[in-house]
Amino acid sequence: MTGTADTAPAKPAKRDRTHYLYIAVIIAVALGIVVGLAAPDFAVGLKPIGTGFVNLIKMMISPIIFCTIVLGIGSVRKAAKVGAVGGIALIYFTVMSLVALTIGLVVGNIVEPGTGLAVTDAIRETGHAQVDAEAKDTTEFLLGIIPTTIVSAFTGGEVLQTLLIALLAGFALQAMGPAGQPILRGVEHIQRLVFRILAMIMWAAPIGAFGAIAAVTGSAGLDALKSLAVLMLGFYVTCFLFVFIVLAALLRIVSGLNILTLFKYLGREFLLILSTSSSESALPRLIAKMEHVGVSKPVVGITVPTGYSFNLDGTMIYMTMASLFIADAMGTPMSLGEQIPLLLFLLVASKGAAGVTGAGLATLAGGLQSHKPALVDGIGLIVGIDRFMSEARALTNFAGNAVATVLIGTWTKEIDKERMNEVLSGRLPFDETTLLDDGHGAAPDDTTAVPESRAGEEKELAKA
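**Points about the overall build of the chain**
So, point 1. Per the secondary structure count, the chain includes 22 helices and 0 strands.
So, point 2. Relative to its 464 residues, the chain shows a buried fraction of 52%.
So, point 3. Looking at the chain alone, contacts between residues at least 24 apart form 84% of all its contacts between residues at least 6 apart.
So, point 4. Entry remark: accessible area of the chain is about 19900 Å², with carbon and sulfur atoms responsible for 67%.

See below:
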């Protein structure tokens, strides 16, 4: 009786606090827009506040990815299972990137948004500055996956470097067998610590959202929005169609799940991305929530981090439409025969783009410089509104990775459908305080963590 009396008031209090936090984020976004329009110069000076908040979250990404993958792979007996998940994920990511390219190509050719714009010398200089600052070719990207040292994988902030080290550590612990169990238990405790720190950082979200939105609104202004509204509208509509037709149909057919139900569960993550223009700000929470919804640790640990570099649906649509926009604005519209090779080249180049504000623009600039240098002069045309397009780009990328995790979990039979129904119906709420299932002294959750992985192993042995 005492236990139930203690736990009954605790959960509502915990839920109420996080509920107020995200109401504060919405208010902060609204205030940021007002300040950006009323005092643009002052608003631009607030940019470091938003940048600082995103950086706080980014510093947690590497340890979270490492712990998630090591725990997922280390608890599985057969390495072939992990390889199957990775293979299915990469095939799916490639197919969906091609679908996103095709949709962007069709809409871009119908809308033709760049016609009638002029390119000045200042715009040309802005375009070339983007290339000089951030261009990276495919060879450098591939070599960059290998860190200088094991430690530098965590200090460099490169997601794929962390992914590589985590995979190696996970397979090594898998090969160690029972001798590796104490290390796995230690990694599990580190994961709890890291997620607790992340939960504390999230309380700074309203301040970060205010600074980010105010700076974006103040720097772009209304004039840039008016002149480039057609491109923005076309891009937003294309992203909407891709998410709510292509992804929604896939999710319904494969998993029998309504995409709106999944998005409602991820509503706070979408709000966080909208306010920071960065899908990386929600990466740690996506990992935690996908595990909570019933997808196994190996699938989440491989699909989500890899998807953030290889499943950039929004970025693909953006680069397609931006390339056509720039070509039209330069007075050199491309034929279909010119468009397809350029876009296939950008498909490869985009794999190095992270989910951070501005990464899509830098990748586009680098890709055009390598494949069609004459178009680099027009990059400056879209710099002014790139931040606003970055929000739709980040939201689409995030939606694509969330759907991909559920789909791959379904295809590999590594998703607990009963748990998913319980979570999405609200009967098994996500713990916003710890971002983990094993919350405040919840012994049942602690004891089920290991048996769940053992159950998965028994299923594998039964199949064999």
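There is more to say after this.
**Looking at unusual backbone geometry**
So, point 1. If you check the backbone angles, Lys 413 has positive phi at about 55 degrees while not being a glycine.
So, point 2. On the secondary structure map, Lys 413 appears in the loop between α20 (386-411) and α21 (417-424).
So, point 3. Given the relative accessible area of 61%, Lys 413 is considered exposed.

**A closer look at the packing of helix α8 (residues 159-176) against helix α15 (residues 297-310)**
So, point 1. In the contact formed by α8 and α15, the axes pass within 10 Å of each other and the chain directions differ by 150 degrees. As judged from the angle between their axes, α8 and α15 are roughly antiparallel. Our pair here, α8 against α15, has a crossing hand that is left-handed. On the side of α8, the interface is formed by Val 159, Leu 160, Leu 163 and Leu 167, while α15 contributes Gly 301, Ile 302, Pro 305, Thr 306, Ser 309 and Phe 310.
So, point 2. Of the residues contributing to the contact of α8 with α15, the split by class is 7 nonpolar, 3 polar and no charged.

**Remarks on the packing of aromatic side chains**
For any two aromatic rings, the description comes down to two numbers: the centre-to-centre distance and the angle of the planes.
So, point 1. A full pass over the atoms with the stated rule returns 8 aromatic pairs.
So, point 2. Measuring from ring centre to ring centre gives 5.9 Å for Phe 235 and Tyr 318, while their planes differ by 75 degrees; the resulting arrangement is edge-to-face. Here Phe 235, found in helix α11 (residues 229-255), pairs with Tyr 318, found in helix α16 (residues 313-329); they are 83 residues apart in sequence, far enough to count as distant.
So, point 3. Cluster of aromatic residues (ring-pair linked, three or more members): Phe 240, Phe 244, Phe 263, Phe 270 and Phe 398.
So, point 4. Above the plane of the ring of Tyr 265 lies Lys 289, whose end atom (NZ or CZ) is 4.8 Å from the centre.
So, point 5. We note Arg 393 situated over the ring of Tyr 318; from NZ or CZ to the ring centre the distance is 4.1 Å.

**Digging into α8**
So, point 1. The end-to-end C-alpha distance of α8, which contains 18 residues, comes to 26 Å, matching closely the 26 Å that a straight helix rising 1.5 Å per residue would cover.
So, point 2. Of all the residues in α8, the buried ones are Val 159, Leu 160, Gln 161, Thr 162, Leu 163, Ile 165, Ala 166, Gly 170, Leu 173 and Gln 174.
So, point 3. Two residues or fewer after α8 comes Gly 177, characterised by a positive phi angle close to 65 degrees.

**Looking at helix α13 (residues 267-276)**
So, point 1. Within α13, 8 of the 10 residues are buried, which leaves it mostly tucked inside the rest of the structure.
So, point 2. Residues of α13 that are buried: Arg 268, Glu 269, Phe 270, Leu 271, Leu 272, Ile 273, Ser 275 and Thr 276.

**Some remarks on the environment of Ser 278**
So, point 1. Inspection of the secondary structure puts Ser 278 in the loop between α13 and α14 (283-292).
So, point 2. Once the C-alpha coordinates of Ser 278 and Glu 391 are considered, the two residues, 113 residues apart in sequence, prove to be 7.1 Å apart.

**Side note on the environment of Gly 45**
So, point 1. Topologically, Gly 45 is positioned in the loop between α2 (40-44) and α3 (47-74).
So, point 2. Along the backbone, Gly 45 and Ala 214 are 169 residues apart, and their C-alpha atoms lie at a distance of 9.0 Å.

**As for a nonpolar patch on the surface**
So, point 1. Taken together, the side chains of Leu 233, Val 237, Phe 240, Leu 241, Phe 244, Ile 245 and Leu 260 make up a nonpolar region of the molecular surface, amounting to roughly 670 Å² of accessible area.
So, point 2. The topology assignment puts Leu 233 in helix α11.
So, point 3. Leu 233 sits in the exposed class, given a relative accessible area of 58%.

**A closer look at the side chain of Ser 255**
So, point 1. Here Ser 255 is to be found in helix α11.
So, point 2. Dropping the residues within four chain positions of it, Ser 255 is found in contact with Leu 250, Val 406, Leu 407, Thr 410 and Lys 417.

**Brief notes about the pattern of salt bridges**
So, point 1. Taken as a whole, this structure holds 6 salt bridges when the rule is applied.
So, point 2. One salt bridge connects Arg 285 with Glu 269, and the closest N-O pair in it is separated by 2.5 Å. Pair noted here: Arg 285 is in helix α14 and Glu 269 is in helix α13, with a separation of 16 residues, a long-range link.
So, point 3. What makes Glu 269 buried here is its relative accessible area of 0%.
So, point 4. Notably, a salt bridge pairs Glu 269 with Lys 289, separated by 3.1 Å at the nearest N-O pair. Of this pair, Glu 269 sits in helix α13 while Lys 289 sits in helix α14, placing them 20 residues apart in sequence.
So, point 5. Salt bridges here are not isolated pairs; linked through shared partners, they connect Arg 185, Glu 188 and Arg 192.

**Description of the packing of α3 against α15**
The description of two helices packed together rests on the angle between their axes and the distance between the axes.
So, point 1. Viewed as axis vectors pointing N to C, α3 and α15 meet at an angle of 140 degrees, and their least axial separation amounts to 7 Å. Looking at the two axes, α3 sits oblique to α15. Crossing hand, α3 versus α15: left-handed. Mapping the contact onto sequence places Ile 65, Thr 68, Ile 69, Leu 71 and Gly 72 in α3 and Lys 297, Pro 298, Gly 301 and Pro 305 in α15.
So, point 2. Here the residues of the contact of α3 with α15 sort into 5 nonpolar, 3 polar and 1 charged.

**A short note on the side chain of Thr 405**
So, point 1. Tracing the chain through its elements places Thr 405 in helix α20.
So, point 2. One polar contact links the side chain of Thr 405 to the main-chain carbonyl oxygen of Asn 401, over a distance of 2.8 Å.
So, point 3. Aside from chain neighbours lying at most four places away, what touches Thr 405 is Met 290, Val 295, Val 299, Val 300, Thr 303 and Val 304.

**Considering the confidence of the model for the chain**
So, point 1. Averaged over every residue, the pLDDT of the chain is 74; residues scoring 70 or more account for 72%.
So, point 2. Averaged pLDDT values for the elements of the chain fall to 39 in helix α22 (residues 443-463) and rise to 92 in helix α12 (residues 259-265).
So, point 3. Across residues 1-16, confidence stays below pLDDT 50; counting only partners more than four residues off in sequence or on other chains, it has 5 contacts.
So, point 4. Within the model, pLDDT remains below 50 along residues 439-464, and this stretch shows 22 contacts once partners closer than five positions in the same chain are excluded.

Cut-offs used in this document
Residues numbered from 1 in each chain as written. Predicted model: local features only at pLDDT ≥ 70, side-chain atom pairs only at ≥ 80, totals over all residues. Heavy atoms only, no water. Helix = DSSP H or I, 4+ residues; strand = E, 2+ residues; numbered from the N terminus. Buried < 20%, exposed > 50% of the residue type's maximum accessible area, 1.4 Å probe, protein only. Contact = heavy atoms within 4.5 Å. Areas by Shrake-Rupley, 256 points an atom, 1.4 Å probe, with all protein chains shown as cover. Axes fitted to C-alpha atoms, helices over the stretch in contact; angles between N-to-C directions. Parallel < 35°, antiparallel > 145°, perpendicular 65-115°, else oblique. Left-handed = near helix turned anticlockwise from the far one by under 90°. Nonpolar A, V, L, I, M, F, W, Y, C, P; charged D, E, K, R; others polar. Phe/Tyr/Trp six-rings, centres within 6.5 Å; stacked < 30°, edge-to-face > 60°. Lys NZ or Arg CZ within 6 Å of the ring centre and 35° of its normal. Expected span 1.5 Å × (residues − 1). Patch = residues over 30% accessible without salt bridge, like charges linked within 9 Å, V, L, I, M, F, W, Y side chains within 5 Å. Salt bridge = Lys/Arg side-chain N within 4 Å of Asp/Glu carboxyl O. Polar contact = N/O pair within 3.5 Å; in protein donor to acceptor, adjacent residues only side chain to side chain. pLDDT = per-residue confidence, 0-100.

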